[in-house]
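# Observations on chain architecture
For reference, the chains in residue letters:
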Amino acid sequence: MKEVFALLAEERNLCMGCMSVLDENGNCRCGYNEDAPTDEACIPVRTVIGEKYIVGKMIKINGEAITYIGFDKENEEKVFIQEYMPGKIAKRSDLTGEVVPFSGYEAQYKTLMADFYDLFNSLRNFKPSEHLMPVLNVFRENNTVYAIYKYIKTISYGDYLSHNGGEFTWPQVKKLFMPLFTTLTYLHSNGFVHRGISPESIRVNAKGQLMLCGFGTAALFSKDSIIEPSLSAGYSAPEQYTSGCWQGEWTDVYSVAAVVYKSLTGTLPADAESRKEVDHLCPPEELNFNISSEVSDAILNAMILNGEYRTRSIDDFTAELLESAG
C-alpha cells in the first residue's frame, strides 16, 4: 500500500482531464474537476495499468469499450486508452476493479474479448500511415483488454465541416479524401473492414489531413448484436441493420460515400433503414448544382441499398469519382 500511495503522490502534479502539468495551486486551464462524479463503469482516475499507463478521465463510451485520456510514464507522453468493457453483458467489480461478465454471458464475453484483442493487435501491426490513428500497444489485464493509441490532437470531421461552412467543393473533397481512400484500400487488402465510418470516426489533424479512427469489432456495428450497437444514421450501410447479411468492403464504400455526400451537399443522407421502405435519397447534383453528374452518379452507385449491385470497392468508387473532368 505504501508503494501505491507513493505512486499517487508522484503523479499528483498531472491533470487527469488532459494530462498537462498542474499549476502551483493544483489547477489546470482545462477546468477538469477530479472530484466530480464519474460513471461507475469507468476505471478510477490515477489507476495504473500495464505497469506504466496512468488512466485519466473518460472521453468516450459505447457498447463495447471505454476510451480514456492516459499518460505513458515510461515514455513521458500522453496516450489514448481504449478498454474492452461491454456494459450490456459485464460490469466492473467494486472489489478488484476487474471486468466481470454477467451470469450466463461468460462465453460471449470471452469470444468478443478475443475479437477485440485480435482487432487491435492487427491494427498495431499495420504499416505506419498519416491517415490511420496508430495503435502502440495491446495487452490483457483485469480480465479485459486494453489498446493504447498514440495521442494526436484532432477534431472530428463533422466539426471541421461545420467550421468551414457546412460543405466543400468537389476539388476540396477530392484533395481531402483521396489519401484516406488509399488507406482504406490498404486496410481492405489486408482483410480488414471498418464498418463504422462517419464524420465522427474520421478525424482531422493539425495538418488538415483526414485520419481514420473509431475502430470496433463487427458486433459493435451490427444492429442485432448481443452488445449495444453503435450505428450512425445516414452513414451505416443497410446490411448493418439486418442480421445474417454479408458485410465487406462494400459496407465501407457505402459509409464513406455517405460522408462525401454530406461534404458536397451539406445535407445528411437519408438513413438506410428508412430507404428500405421508400428510397428518398436525393441525387447530390439536385442539392448542389455545382456537382457534376459523374460525381453525383458515383456517389449514388456507392450508396445502392443492395450490396450486390453497389460499387464493390474503394478503388472502383475512386475511379468513378475521377471520371469527372473536375
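### Notes on the sheet that holds strand 10 (residues 202-204)
Hydrogen bonds along the backbone pair up the strands of a sheet, which may run parallel or antiparallel. Strand order in the open sheet formed by three strands is 9-10-11, with antiparallel pairing between adjacent strands. Two strands in the sheet have a free side with no partner beyond their single neighbour: strand 9 (155-156) and strand 11 (210-212). When strand 10 meets strand 11, the two strands line up antiparallel, connected through three bridges. Counterpart to Arg203 in the pairing with strand 11 is Met211. Sheet contacts for helix 4 (residues 170-189): strand 10 and strand 11; angle to strand 11, the most-contacted strand, approximately 25 degrees.

### Describing the sheet that holds strand 8 (residues 144-150)
The antiparallel open sheet is built from six strands, whose spatial order is 1-2-3-4-8-7. Whereas interior strands pair on both sides, the edge strands pair on one side only; in this sheet they are strand 1 (48-49) and strand 7 (135-141). Across the face of the sheet, helix 2 (residues 106-125) comes into contact with strand 3 (65-72), strand 4 (77-84), strand 7 and strand 8 while running at roughly 155 degrees to strand 7.

### A few points about the pairing of strand 3
Here strand 3 lies mainly inside the structure; eight of its eight residues are buried. Taking every second residue as pointing to the same face, both faces of strand 3 are buried, with Ala65, Thr67, Ile69 and Phe71 on one and Ile66, Tyr68, Gly70 and Asp72 on the other. In this structure, strand 2 (residues 53-61) lies alongside strand 3, joined through six bridges in antiparallel fashion. The residue bridging Ile61 from the neighbouring strand is Ile66, located in strand 3. Hairpin connection of strand 2 to strand 3: three residues between the antiparallel strands. Here eight bridges tie strand 3 to strand 4, and the two strands are oriented antiparallel to one another. Residue pairing in the sheet places Thr67 in a bridge with Gln82 of strand 4. Remark: four residues form the turn of the hairpin made by strand 3 and strand 4, two consecutive strands paired antiparallel; Glu76 in that turn has positive phi of roughly 50 degrees.

### Describing the nonpolar core
Membership of the largest hydrophobic core comes to 91 residues, with the highest contact counts inside it found for Ile81, Phe120, Tyr157, Phe177, Phe181, Ile202 and Leu212. Residues within four places of Ile81 in sequence aside, it is in contact with Ile49, Tyr53, Ile54, Val55, Ile66, Thr67, Tyr68, Gly70, Tyr146, Ala147 and Ile148.

Reading the values: the criteria
The written sequence of each chain sets the order in which its residues are numbered from 1. Predicted model: local features are reported for residues with pLDDT of at least 70 only, side-chain atom pairs are reported and counted for 80 or more only, and whole-chain, interface and lining totals are derived from all residues. Just so you know, side-chain values use all the structure's heavy atoms and leave hydrogens and water out. Paired strands, as defined in this entry, are two strands with at least two bridges between them according to DSSP. Each helix corresponds to a stretch of at least 4 residues labelled H or I by DSSP, and each strand to a stretch of at least 2 residues labelled E; elements are numbered beginning at the N terminus. Whether two residues touch is decided by their heavy atoms; if any such pair falls within 4.5 Å, the residues are in contact. Axes here mean lines fitted to C-alpha atoms, for a helix over just the part in contact, with angles spanning 0 to 180 degrees between N-to-C directions. With a 1.4 Å probe rolled over the protein chains alone, any residue whose accessible area is under 20% of its type maximum counts as buried; one over 50% counts as exposed, and the rest are partly exposed. Residues belong to a common nonpolar core when they are buried Ala, Val, Leu, Ile, Met, Phe, Trp, Tyr or Cys residues joined through side-chain atoms within 4.5 Å.

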